[in-house]
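Architecture at a glance
Next come the chains, spelled out residue by residue.
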Amino acid sequence: MTHTYAVRVFYEDTDMGGVVYHANYLKFIERARSDYVRNIGNDQNAMRDAGIVWVVRKIEAEYLAPAKFDDELTIETWITSLSGARLTMAQRVTRGETEVFNASVTAVCMNAQGKPVRLPAEIRALM
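Before going into details, it helps to say that this report is about the structure given with it. What you are looking at is a predicted structure, and each value in this text was computed from that prediction instead of being measured.

With that out of the way, let us pick up the overall build of the chain. Counting secondary structure elements, the chain contains three helices and five strands. Each helix and strand of the chain, ordered N terminal to C terminal, gives the series β-α-α-β-β-β-β-α. With respect to the principal axes defined by its C-alpha atoms, the chain has extents near 45 × 30 × 20 Å. At a minimum sequence separation of 6, the contacts of the chain that also span at least 24 residues come to 65%. If you sum the accessible surface of the chain, you get close to 7300 Å²; carbon and sulfur atoms cover 50% of it. If you average the places of the 15 positive and of the 16 negative side-chain charges in the chain, the two averages end up 8 Å apart.

Put into structure tokens, the structure is as follows:
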């Protein structure tokens, strides 16, 4: 399943040249991942209340083309791998037909003590 999420580039997202500042792509894809898990029914507040949270462990990112002020971007997100405590998602940011950024993001489930824990079966079933 591929999830799509739209983002409009605001002035605050850009650098002095009017181009999206590189770190803001991480914010954009985080919003898309959060929307993805919310849409499939994974309540992150309930997870936190149960003592489990998602923590990003690794990001591999590639900047391919500049996005600029007022561009409308589409972020596609899909799961590429799911194991005991680990989830890897691919994300692609496009402006129209042009891919401007892509990333592979690995997140792990952690308990309140910062130790990895197995992803609960009911959440695994949603994915």
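What follows picks up the thread again.
It is worth spelling out the pattern of salt bridges at this point. Going through the model one piece at a time under the given rule, you end up with eight salt bridges. Between Arg-95 and Asp-71 there is a salt bridge whose closest N-O contact spans 3.5 Å. Residue Arg-95 is located in strand β4 (residues 86-95), and its partner Asp-71 is located in the loop between β2 (52-63) and β3 (72-82); the two are separated by 24 residues in the primary sequence. In this structure Arg-95 comes out as partly exposed when scored by relative accessible area, which is 26%. As a salt-bridge pair, Arg-92 and Glu-76 come within 2.7 Å of each other at their nearest N and O atoms. Linking Arg-92 in strand β4 with Glu-76 in strand β3, this pair joins segments that are 16 residues apart in sequence.

Residue position: Arg-33 is located in helix α1 (residues 22-39). A polar contact is formed between the side chain of Arg-33 and the side chain of Gln-91, at a distance of 2.8 Å. Excluding residues within four positions of it along the chain, Arg-33 makes contact with Val-56, Thr-77, Met-89, Gln-91 and Val-105.

What counts and what doesn't
Numbering of residues begins from 1 in every chain and follows the order in which that chain's sequence is written. Where local features are concerned, this predicted model is filtered to residues with pLDDT of at least 70; where side-chain atom pairs are given and counted, the filter is 80 or more; whole-chain, interface and lining totals use all residues. Hydrogen atoms and water are omitted, and side-chain values are computed over all heavy atoms in the structure. Runs of H or I in DSSP of at least four residues are treated as helices and runs of E of at least two as strands, each being numbered from the N terminus. Contact between two residues is taken to exist if any of their heavy atoms lie within 4.5 Å; hydrogens are not considered. Areas reported as accessible are Shrake-Rupley estimates using a 1.4 Å probe. Residue values count occlusion only from the protein chains shown. As used throughout, the charge tally considers Lys and Arg to be positive and Asp and Glu to be negative, leaving His and the chain termini uncounted. Working definition for charges: the position is that of NZ of Lys, CZ of Arg, CG of Asp or CD of Glu. Any carboxyl oxygen of Asp or Glu within 4 Å of a side-chain nitrogen of Lys or Arg constitutes a salt bridge here. For every residue, the accessible area (1.4 Å probe, protein chains only) is compared with the maximum for its type, and the residue is labelled buried under 20%, exposed over 50%, or partly exposed between those bounds. As used in this structure description, the phrase polar contact means that two N or O atoms lie within 3.5 Å; if the pair is within protein, one of them must be able to donate a hydrogen and the other to accept it, and residues adjacent in sequence are counted only when both atoms belong to side chains.

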